[in-house]
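Coordinate analysis (summary)
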Amino acid sequence: MLKQMENAGMTDLHLGLDPASGMRAIIAIHSTARGNAIGGCRFIHYAREQDAITDALRLARGMSYKAALAGLPHGGGKAVLIRPEGEFDRHALMQAFGRFVNQLGGRYITAMDSGTEVSDMDSIATTTEFVGCTTACGDPAPHTALGLFAGIHAAVRHRLQRESLQGLTVAIQGLGHVGHALAEHLHRAGMRLLVADIDPERVQRCVREFNAEPVAPDAIYSVEADVFSPCGLGATLNETTIPQLRCAIVAGSANNQLATDADGDRLIAHNILYAPDYVINAGGLIHVAMHQAGATAEARDEKIRAIGATLAHLFAEADRSGLSVHHVADRHAETLLAQAGHPFSHAEEPDHA
Ligand code: NAD
């Protein structure tokens, strides 16, 4: 286990059990060098306990990178709450998890992730103050969309040498919380919208509200567009889909968009500019962190819009160095962590979520 932590460059791992509620949880803290660790709590079934620990270790490092490049005074962490088999009292389980988080005295701040909901965060908030994404905090998706909007502007400026989005075309894959809010921003900015979702009602809503043009889910990769924005599932950029793309820029919210590291290079080979997922989708994290810190909405939005400037810097550095943008981003995050005193350095890629 310690070797696994060392390989992931983690500083601490906490295991928590509460027999009364059935809580079995893992909190992995990758780094607190830049500040207390922040990251979501995953609540899913695991076939083996070891898989849950591996998931927490795998994802915590990505959160450190994401917080560092977002300019937040936070490190990265991730919690995994193993979903019990059979019946359980969800509120009691979340409260027990909150007590576990609270014992760490703020070294780790939890938030929503796969399997958890706002109501769970409200339950957790009854036993700890170190939680985001509560009803009081609000949905992070509109803030993620604002960051995407700033990032798309930066990518268009860099690749197309254009200040305005007016008249450009975007293909959006996935019209959920983030995709729909992004569609609204881009429609207002005068872009033509091509949209796809496996849920036809979500497509129709965008057609009605933003005059979007519907595209079948498996046809969205090959439409001609300036920007392709993956806002559905992860790993959609792979050896099959990338050759189909007819866009200049990929910029979307989905986590872990590249199926493999080689797919970053594949995008370059197809002359496509890639905005690294964990940089461009940090708006929600910025919102949660700054809400915790009691920041004003103006200060928060300024930091979210700064995602555009961060990306512009990474794009320029990638051009200068000849490295892919996602490698430049990882290297930059590692430098920031090392400068803050994080004791490990890494060559391999982290998973971001
Ligand atoms: P969501 O569940 O609300 O929306 C996802 C949408 O994608 C759904 O409408 C779903 O039907 C659609 N979808 C799924 N498979 C598809 C496919 N094959 N083709 C087309 N559409 C498909 O999720 P969300 O909150 O909007 O998040 C979108 C993505 O962004 C996720 O990958 C999420 O992890 C990531 N993300 C979200 C946030 C946030 O603030 N919500 C922050 C960072 C990253």
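Our structure is the block above this text.
Residues numbered from 1 in each chain as written. Predicted model: local features only at pLDDT ≥ 70, side-chain atom pairs only at ≥ 80, totals over all residues. Heavy atoms only, no water.

With that settled, the discussion passes to helix α2 (residues 49–69). For α2, with 21 residues, the first-to-last C-alpha span of 32 Å sits near the 30 Å given by 1.5 Å per residue. Within α2, 16 of the 21 residues are buried, which leaves it mostly tucked inside the rest of the structure. Backbone geometry just downstream of α2 places G71 in the positive-phi region, at approximately 75°. (Helix = DSSP H or I, 4+ residues; strand = E, 2+ residues; numbered from the N terminus. Expected span 1.5 Å × (residues − 1). Buried < 20%, exposed > 50% of the residue type's maximum accessible area, 1.4 Å probe, protein only.)

Counting 88 residues, the largest nonpolar core has F97 and L186 as its most contacted members. Residue contributions to this core peak at nine residues, all from helix α5 (residues 141–160). The next biggest cluster of nonpolar side chains, apart from the first, holds 18 residues, and it includes Y221, L245, L267 and Y274. (Core = buried A, V, L, I, M, F, W, Y, C linked by side-chain atoms within 4.5 Å.)

The description of two helices packed together rests on the angle between their axes and the distance between the axes. The geometry of helix α10 (residues 283–292) relative to helix α11 (residues 297–321) is characterised by a closest axis approach of 9 Å and an angle of 155° between their N-to-C directions. As the angle between them shows, α10 and α11 are arranged roughly antiparallel. Seen from above, α10 lies across α11 with right-handed handedness. Facing G283, I286, H287 and M290 of α10, the residues of α11 in contact are A299, R300, K303, I304 and I307. Counted by class, the contact of α10 with α11 contains five nonpolar, two polar and two charged residues. (Axes fitted to C-alpha atoms, helices over the stretch in contact; angles between N-to-C directions. Parallel < 35°, antiparallel > 145°, perpendicular 65-115°, else oblique. Left-handed = near helix turned anticlockwise from the far one by under 90°. Contact = heavy atoms within 4.5 Å. Nonpolar A, V, L, I, M, F, W, Y, C, P; charged D, E, K, R; others polar.)

Further remarks concern the state of the cysteines. Applying the stated criterion to the full structure yields zero disulfides. Considering cysteine sulfurs only, C137 is the nearest to C133, which forms no disulfide, with 5.5 Å between them. The exposure class of C133 is buried, given its relative accessible area of 3%. Sulfur of C247: no disulfide; nearest cysteine sulfur belongs to C231 and is 13 Å away. Here C247 falls in the buried class, since its relative accessible area comes to 12%. (Disulfide = S-S within 2.5 Å.)

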